[in-house]
Amino acid sequence: MSNSSQVVRMRPHTYIHVADSNSNVTRVVTGPCTLTLKDHEKVVMAPEPMIMIPPRHYCIIANPAQRLDDGSVATDRHGSVKIAHGDEEVRFTQAPFPLYPGEKLFGKVAPLQVVGPNQALRLRCIRDFVDSVTKVDGKDAKRVAGDEWLFEGPATYLPRVEVQVVEIIRAVILKANQALKLRARKLMVDASGASRRAGEEWLHQDVGAYMPGVDEEIVETLNAYVLTDRKALHLRASRTFTDAAGTVRKAGEEWLVTLAQAPTHIPDVYEKVVGEVSLTTLSSRQYCVVLDPFDKKTRKLRLGQKELRKGELAFFLHPGERLEAGIQNVYVFGESSRHHQH
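From a predicted model like this one, the values you see are computed outputs, not experimental measurements.

Some thoughts on the overall build of the protein chain
- Per the secondary structure count, the protein chain includes one helix and 39 strands.
- Compactness check: the protein chain gives a C-alpha radius of gyration of 39 Å against a globular reference of 20 Å for 342 residues, more than 25% above the reference.
- C-alpha atoms of the protein chain, sized along the principal axes, occupy 150 × 35 × 30 Å.
- Buried residues in the protein chain amount to 34% of all 342 residues.
- Taking the intrachain contacts of the protein chain between residues at least 6 apart in sequence as the baseline, contacts between residues at least 24 apart amount to 65%.
- When the accessible surface of the protein chain is split by element, carbon and sulfur atoms take 50% of a total near 21300 Å².

Concerning the side chain of Asp 20
- As for its placement among the helices and strands, Asp 20 is situated in strand 2 (residues 14-20).
- The side chain of Asp 20 sits in the buried core without any salt bridge; Arg 27 is the nearest counter-charge, 5.6 Å away.
- Of the polar contacts made by the side chain of Asp 20, one reaches the backbone nitrogen of Ser 23; its length is 3.4 Å.
- Leave out the neighbours within four places in its chain, and Asp 20 touches Val 25 and His 40.

Points about unusual backbone geometry
- That bond from Gly 31 to Pro 32 is cis: its omega, 5°, falls within 30 degrees of zero.
- Relative to the assigned elements, Pro 32 resides in the loop between strand 3 (25-30) and strand 4 (33-37).
- Looking along the chain, the bond that leaves Gly 153 and enters Pro 154 is cis, with omega of 0°.
- Looking at the secondary structure, you find Pro 154 in the loop between strand 15 (148-152) and strand 16 (155-157).
- Notably, His 13 is not glycine yet its phi reads approximately 60°, a positive angle.
- Mapped onto the elements, His 13 comes out in the loop between strand 1 (6-10) and strand 2.

Details of the nonpolar core
- Membership of the largest hydrophobic core is limited to nine residues, which are Val 115, Leu 121, Leu 123, Cys 125, Phe 129, Trp 149, Phe 151, Tyr 157 and Val 163.
- For this core, the secondary-structure elements that each account for two or more residues are strand 12 (119-125) and strand 15.
- A per-element tally of this core places strand 12 first, with three residues.
- Other than its neighbours up to four places away in sequence, Cys 125 contacts Arg 143, Val 144, Ala 145, Gly 146, Asp 147, Trp 149 and Glu 162.
- In this structure, Ile 53, Ile 61, Phe 97 and Leu 99 belong to the second largest nonpolar core, which totals eight residues.

Criteria and thresholds
- Residues numbered from 1 in each chain as written.
- Predicted model: local features only at pLDDT ≥ 70, side-chain atom pairs only at ≥ 80, totals over all residues.
- Heavy atoms only, no water.
- Helix = DSSP H or I, 4+ residues; strand = E, 2+ residues; numbered from the N terminus.
- Rg over C-alpha atoms; globule rule 2.2 N^0.38 Å.
- Buried < 20%, exposed > 50% of the residue type's maximum accessible area, 1.4 Å probe, protein only.
- Contact = heavy atoms within 4.5 Å.
- Areas by Shrake-Rupley, 256 points an atom, 1.4 Å probe, with all protein chains shown as cover.
- Lys, Arg positive; Asp, Glu negative; His and termini not counted.
- Salt bridge = Lys/Arg side-chain N within 4 Å of Asp/Glu carboxyl O.
- Polar contact = N/O pair within 3.5 Å; in protein donor to acceptor, adjacent residues only side chain to side chain.
- Core = buried A, V, L, I, M, F, W, Y, C linked by side-chain atoms within 4.5 Å.

That's the geometry; what it means functionally is another story.
Okay, here's the thing in structure tokens:
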């Protein structure tokens, strides 16, 4: 051995890179061992601890070494390790391992993400692959770049280089007399099995936790209007549709919802609340004249007509109805006034 020879003592779970100046190949040497370097060998990376991934953790390796079917590292005819340049590889819990020449640890070893109950991850595919976790008709789902789907909890998410986590979605808790206004991002089928077009809006009124689908977005949470015997709701249709009672409402049509129909009312997506209408009451000594009275049979106003209403009476003025001169008092002529006239 020449004087230029060097002895390297390596502890367990450490590694070094040794370059051979004759073949220009760099190899990995792992400890524990005592290595005597030859004249044409040189340590190009000082002893480093191996990468250790504890349970329920992962790491990302940039420029990973290519592997053969048996798991061993692939080498070229010169003996250099083949590297997948520009690629990445996710590694989970395993025995401590060294980094081969060209490999780099991207970031650091991190714990796996736990998705709790009533939560989901919105995932986006950035590279085509076959998803063995999700089954479609009993077969592994084929994902293409641009696909989005939900990974629902409670579960532990195992990351992949082909998948990007877009956001965390939390379920919305609906109480009694509440509803969610939802909008479709694209052509889809909702939770009730109904087909929805892109941009279409609808209401979800089931009490409990609701997780919006991957192609749904929450517009707002609606609270019901509480109706009483002295208060009604004045509504207007923004387009022609069929309301919850099965009545066809035409665009621009206005109507009242009263306690007789329902104790509470959540406006549909095509219903606009114009305002609340208070009860009009007449005593036994009062009367009023209603202009353009509402006809319950035809559900239309009798334009140009008048209707006399005498107390005792209580009613709601329908949209379009109005009082000619407000509530007026009835004049009562007694016996004395009649004798005086004679």
